[in-house]
Amino acid sequence: EPVDVIVSGEGIVNILLVGQDRREGQGRQRSDAMILCTINKNTKTITLTSFLRDMYVTIPNYYRSRINAAYQLGGFKTLNSTLEYNFGVSADHCVEVDFSGFRDIINVLGGVDVELTKAEADYLNKKGNWDTDQGNFDWHLVAGVNHLDGDQALAYSRIRALDSDWGRTNRQRVVLNALMQKAKTMDLTQINDFINQVIPMIATDMTPSEITGYALELLPMLSGATIKSQSIPADGTWQYATINGASVITVNFEKNQQVLRETIGE
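Predicted model, so just to flag it, every value in this text is computed and none were measured. (Residues numbered from 1 in each chain as written. Predicted model: local features only at pLDDT ≥ 70, side-chain atom pairs only at ≥ 80, totals over all residues. Heavy atoms only, no water.)

As for the overall build of the protein chain
Link 1 in the chain: Scanning the protein chain from N- to C-terminus turns up 8 helices and 12 strands.
Link 2 in the chain: In terms of overall dimensions, the protein chain has a C-alpha envelope of 50 × 45 × 35 Å along the principal axes.
Link 3 in the chain: Counting every position in the protein chain, which comprises 266 residues, the buried fraction comes to 49%.
Link 4 in the chain: Sequence-distant contacts, at least 24 apart, represent 66% of the contacts inside the protein chain between residues at least 6 apart.
Link 5 in the chain: With an accessible surface of roughly 12800 Å², the protein chain has 48% of that area assigned to carbon and sulfur atoms.
Link 6 in the chain: Taking the average place of the 24 positive charges on the side chains of the protein chain and the average place of its 32 negative ones, the gap between the two points comes to 5 Å. (Helix = DSSP H or I, 4+ residues; strand = E, 2+ residues; numbered from the N terminus. Buried < 20%, exposed > 50% of the residue type's maximum accessible area, 1.4 Å probe, protein only. Contact = heavy atoms within 4.5 Å. Areas by Shrake-Rupley, 256 points an atom, 1.4 Å probe, with all protein chains shown as cover. Lys, Arg positive; Asp, Glu negative; His and termini not counted. Charge placed at Lys NZ, Arg CZ, Asp CG, Glu CD.)

A word on the packing of aromatic side chains
Link 1 in the chain: Applying the stated criterion across every chain yields a total of 5 aromatic pairs.
Link 2 in the chain: Relative to Phe-87, the ring of Phe-51 has its centre 5.6 Å away and its plane inclined at 55 degrees; by these criteria the two rings are tilted. A residue pair is termed long-range when its members are at least 10 positions apart, and Phe-51 in strand β3 (residues 45–51) and Phe-87 in helix α1 (residues 69–87) qualify at 36 residues.
Link 3 in the chain: Judged by centre distance (6.4 Å) and plane angle (80 degrees), the rings of Tyr-62 and Tyr-63 are edge-to-face.
Link 4 in the chain: Assessed through its relative accessible area of 40%, Tyr-62 is described here as partly exposed.
Link 5 in the chain: Tyr-63 sits in the partly exposed class, given a relative accessible area of 42%. (Phe/Tyr/Trp six-rings, centres within 6.5 Å; stacked < 30°, edge-to-face > 60°.)

Notes on the environment of Ser-247
Link 1 in the chain: On the secondary structure map, Ser-247 appears in strand β12 (residues 246–251).
Link 2 in the chain: Along the chain, Ser-247 and Gly-75 lie 172 residues apart, while their C-alpha atoms are 23 Å from each other.
Link 3 in the chain: Leaving out residues up to four positions away in the same chain, Ser-247 has contacts with Arg-66 and Ala-241.

Looking at the sheet that holds β3
Link 1 in the chain: The 6 strands are arranged β9-β6-β1-β2-β3-β10 in an open sheet whose pairing can be described as mixed. Strands at the two margins of the open sheet, each flanked by one partner only, are β9 (203–204) and β10 (226–232).
Link 2 in the chain: Relative to strand β6 (residues 93–98), strand β1 (residues 12–20) is paired through 6 bridges, and the arrangement is parallel. Following the sheet pairing, Gly-19 is matched in β6 by Val-97. (Pairing = 2+ DSSP bridges.)

Section: the pairing of β1
Link 1 in the chain: Counted residue by residue, β1 has 8 buried out of 9 residues, so it is predominantly covered.
Link 2 in the chain: Relative to strand β2 (residues 31–40), β1 runs antiparallel, the two being bridged by 9 bridges. What sits directly across from Gly-19, in β2, is Ala-33.

A few points about helix α7 (residues 208–222)
Link 1 in the chain: Taking 1.5 Å of rise per residue, the 15 residues of α7 would be expected to cover 21 Å, and the 20 Å separating its terminal C-alpha atoms lies within 8% of that figure.
Link 2 in the chain: Along α7, the residues classified as buried are Ile-211, Ala-215, Leu-219, Met-221 and Leu-222. Down the axis of α7, the sector holding all buried residues measures 165 degrees, keeping them to one side. Projecting away from the buried face of α7 at angles above 90 degrees are the exposed residues Ser-209 and Pro-220.
Link 3 in the chain: Buried residues along α7 sit against β2, β3, α5 (165–183), α6 (188–198) and β9. (Expected span 1.5 Å × (residues − 1). Arc of directions from axis to C-beta.)

Comments concerning the nonpolar core
Link 1 in the chain: Core analysis: the largest hydrophobic core is formed by 47 residues, its most contacted members being Ile-46, Leu-116, Leu-124 and Tyr-156.
Link 2 in the chain: A per-element tally of this core places α5 first, with 6 residues.
Link 3 in the chain: Ignoring any residue separated from it by four or fewer positions in sequence, one finds Leu-116 in contact with Ala-121, Leu-124, Leu-141, Val-142, Ala-143, Gly-144, Asn-146, Leu-148 and Tyr-156.
Link 4 in the chain: Ranked by size, the runner-up nonpolar core spans 26 residues in total, among them Phe-51, Ile-59, Cys-94 and Leu-260. (Core = buried A, V, L, I, M, F, W, Y, C linked by side-chain atoms within 4.5 Å.)

Some points on the packing of α6 against α7
Angle between the axes and distance between the axes: these two values describe a pair of packed helices.
Link 1 in the chain: Running from N to C, α6 and α7 cross one another at 145 degrees; their axes reach a closest spacing of 11 Å. Seen along the crossing, α6 lies across α7 with a hand that is right-handed. Of the residues in α7, those in contact with Leu-188, Ile-191, Asn-192 and Ile-195 of α6 are Ile-211, Thr-212, Ala-215, Leu-216 and Leu-219.
Link 2 in the chain: By residue class, the composition of the contact of α6 with α7 is 7 nonpolar, 2 polar and no charged. (Axes fitted to C-alpha atoms, helices over the stretch in contact; angles between N-to-C directions. Left-handed = near helix turned anticlockwise from the far one by under 90°. Nonpolar A, V, L, I, M, F, W, Y, C, P; charged D, E, K, R; others polar.)

Set out below in structure tokens:
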């Protein structure tokens, strides 16, 4: 049965960020990343919630499958209804970007600063590029803070071999946090120029004026905002399973809804 919907109060906006596993020439693919960005203007808090792609859920009007199939089946509308049906969260807006768009956005910003472990740096230097199996012989990343360009930030965001999908989704939130830190140093003119350059690189249900409006609202609170990060399913609320021959994650929906209610509700 569907769970109760968590109703957001005045001053709370939920924007669903979708990273699509699509290469040039392909149609709509499964969602490689799903991050709900909850902006609470009352508490000056931004909460980034990753939904792991292998969770086994009910996709309304379709069937039960991994949650990342929802976007391929019906785009934002179906993914949002899936999140609402299973977890009680509903996005006000959606922003979708594919691999090349993500890379280009990072490059427009001039890159981002990210702290790498030695294992991450070594992996990226050897075979981390997102669209080739060959080594990155011109990458000389080291343990510690590195300035990553678009290709490097994308490769970092997609690392899974070193640990798990939990580690991968955490890296995605690290990059988003780095983007926000970069935005803190920009003035209104720079933000407006950035938005105008980025709009052609994304798919969204927002108009350009709505995007600009949200940016102008967010910028004043960004410098003093608290940025929180979490993953769903939460610790202790899931287990691995094999269903119809596929390896999936089964979750306790009631417990995860409670976590979401406490972290992004009113």
